Amino acid sequence: MDSYCIALGIFDGVHLGHQYVINRALSHNKFGLKTAVFTFSVEDMEFKHGKRLNYIIDNRSKLDILNTMGVDSIVCPNFNEVHNMSGQDFAKDILHTQMNAKMVVCGRKFRFGKGASCNTTDLQNFGSKYGFNVEVVEPILFENSLVSSSKIRELICNGDIQTANQLLGRNYFINKPVVHGNKIGRTINFPTINQRFGNRQIVPKFGVYSSSTLIDGQSYPSITNVGVKPTVSKDNTPIAETHIIGFNGNLYDRTIKVSLKGYIRPEKMFKSIDELKRAIHNDIETCLK
């Protein structure tokens, strides 16, 4: 049976701090250890440490990012299947018996076991008992700010997408199926795609963003309105509506990745469709600049 170095964490967003933990695990390849990630689906976790968890990216996108990092294996059980396990049972039954851990890497704030009752010191003690070492990684700072999922959520909610992207180490993106909208964009020569956010997914500050949209491996400049489209809709459910510059095709029901790059202006209700069209023209010019 292969021996593993395991990176432990929820890895919501897979930001710079998470990437550092995983890369530390990957560094143990030189000692003959394969690399595994143990994580949970953020869609399964309604609460984290007693607080409601609003996730940054969906689990499918998270797993895609983890796979690109070169890990050998990802273990992602349903949270409800293991959250009542004691810390000792988790270390013995999962890390030791199931995953054959010889090294475990986690962040300083990592907690585990029923009710998040165990910390990294407990993990080191269990490691001594069950035959694995533990490397605890200190938090990462970016320009004197702690890199954390909570900080990134705050930045996204405030519309500071550029700083959020720096802490993520990549652009924040929406990777959802294209759904049918009211098709008003086509009538004013600005066709758009509409994407709904997941339940409990962080919704960026309402407004217009410069963005890029990936279609069949090609990236197109685009503008994305996040909000409720008050000029043309009475639906209060927030969506991401994107006009893709230089593309005109049918994307309905396809899962499309739209990356937000910069905040242009707040969402607003216009007095007329003509006023809306002029604003979109200005948004496109800003995006292309």
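Preceding this paragraph is the structure being described.
So, here is what we can say about the structure in this document.

Cut-offs and rules
Chains are numbered independently. Their residues run from 1 in the order of the written sequence. Local features in this predicted model are restricted to residues whose pLDDT is 70 or higher, and side-chain atom pairs enter the listing and the counts only when it is 80 or higher, whereas totals over whole chains, interfaces and linings include all residues. Values shown for side chains rest on all heavy atoms present in the structure; no hydrogens or waters enter the calculation. By the convention used here, strands pair only if DSSP detects at least 2 bridges between them. Helix numbering and strand numbering both begin at the N terminus, where a helix is a DSSP run of H or I of at least 4 residues and a strand a DSSP run of E of at least 2. Fitting a line to C-alpha atoms yields each axis, with helices limited to the stretch in contact; the angle taken between N-to-C directions then spans 0 to 180 degrees. Relative accessibility decides the category of a residue: with a 1.4 Å probe and only protein chains considered, values under 20% of the type maximum give buried, values over 50% give exposed, and everything between is partly exposed. Picture the helix axis, draw a direction to every C-beta atom, and the arc is the one those directions span. Any pair of residues with heavy atoms lying within 4.5 Å of one another is described as a contacting pair. Distance and chemistry together define a polar contact, namely a pair of N or O atoms within 3.5 Å, with one atom able to donate a hydrogen and the other to accept it when in protein, and with adjacent residues in sequence counting only for side-chain atoms on both sides. Each angle gets one of four labels, with under 35 degrees taken as roughly parallel, over 145 as roughly antiparallel, 65 to 115 as roughly perpendicular, and the rest as oblique. Working rule for handedness: look at the near helix, and if it is turned counterclockwise from the far one by less than a right angle, call the crossing left-handed; if clockwise, right-handed. Classes in brief: Ala, Val, Leu, Ile, Met, Phe, Trp, Tyr, Cys and Pro nonpolar; Asp, Glu, Lys and Arg charged; the others, Gly included, polar.

**Thoughts on the sheet that holds strand S15 (residues 255-266)**
Alright, step 1. Strand order across the open sheet formed by six strands is S10-S15-S12-S13-S14-S11, with antiparallel pairing between neighbours. Whereas interior strands pair on both sides, the edge strands pair on one side only; in this sheet they are strand S10 (173-177) and strand S11 (193-196). Adjacent strand axes in the sheet meet at a mean angle of 35 degrees, parallel and antiparallel pairs treated alike.
Alright, step 2. As paired strands, S10 and S15 are joined by five bridges and run antiparallel to one another.

**As for unusual backbone geometry**
Alright, step 1. Here Phe11, not a glycine, exhibits a phi torsion of approximately 55 degrees, which is positive.
Alright, step 2. On the secondary structure map, Phe11 appears in the loop between strand S1 (4-8) and helix H1 (16-26).
Alright, step 3. Phi angles above zero are rare outside glycine, and Glu143 is one such case at about 50 degrees.
Alright, step 4. In this fold, Glu143 is placed in the loop between strand S8 (141-142) and strand S9 (145-146).
Alright, step 5. Overall, the relative accessible area of 62% leaves Glu143 in the exposed class.

**So, the pairing of strand S12 (residues 207-215)**
Both faces of the sheet carry side chains from a regular strand, because those side chains alternate between them.
Alright, step 1. Here S12 lies mainly inside the structure; eight of its nine residues are buried.
Alright, step 2. Bridging between S12 and strand S13 (residues 218-227) involves nine bridges; their strand directions are antiparallel. In the strand pairing of S13, Leu214 is matched with Ser219.
Alright, step 3. Once S12 ends, the chain turns through two residues before running back antiparallel as S13, passing Asp216 with a positive phi of about 50 degrees.
Alright, step 4. By the bridge criterion, eight bridges tie S12 to S15 in an arrangement that is antiparallel. From the neighbouring strand, Ser210 faces S15, where its bridge partner is Gly262.

**Observations concerning helix H2 (residues 59-68)**
A turn of α-helix holds 3.6 residues, and therefore any two residues three or four places apart point the same way.
Alright, step 1. Among all positions of H2, only Asn59, Ser61, Lys62, Ile65 and Leu66 are buried. The buried residues of H2 occupy one face: seen down the axis, they fall within an arc of 160 degrees. Structural note: H2 exposes Arg60 and Thr68 on the side pointing more than 90 degrees away from its buried face.
Alright, step 2. Elements in contact with the buried residues of H2: H1, strand S2 (34-38), strand S5 (73-75) and S10.
Alright, step 3. With a side-chain oxygen lying 3.2 Å from the backbone nitrogen of Arg60, the N-terminal cap of H2 falls on Asp58.
Alright, step 4. Once H2 ends, the next one or two residues include Gly70, with phi positive near 90 degrees.

**Notes on the packing of helix H6 (residues 149-157) against helix H7 (residues 161-168)**
Alright, step 1. At a minimum axis separation of 8 Å, H6 and H7 run at an interaxial angle of 155 degrees. Judged on the interaxial angle alone, H7 and H6 are roughly antiparallel. In the packing of H6 onto H7, the handedness of the crossing is left-handed. Contacts between H6 and H7 pair Lys151, Ile152, Leu155 and Ile156 from the former with Ile161, Thr163, Ala164, Leu167 and Leu168 from the latter.
Alright, step 2. Across the contact of H6 with H7, the residue classes break down as seven nonpolar, one polar and one charged.

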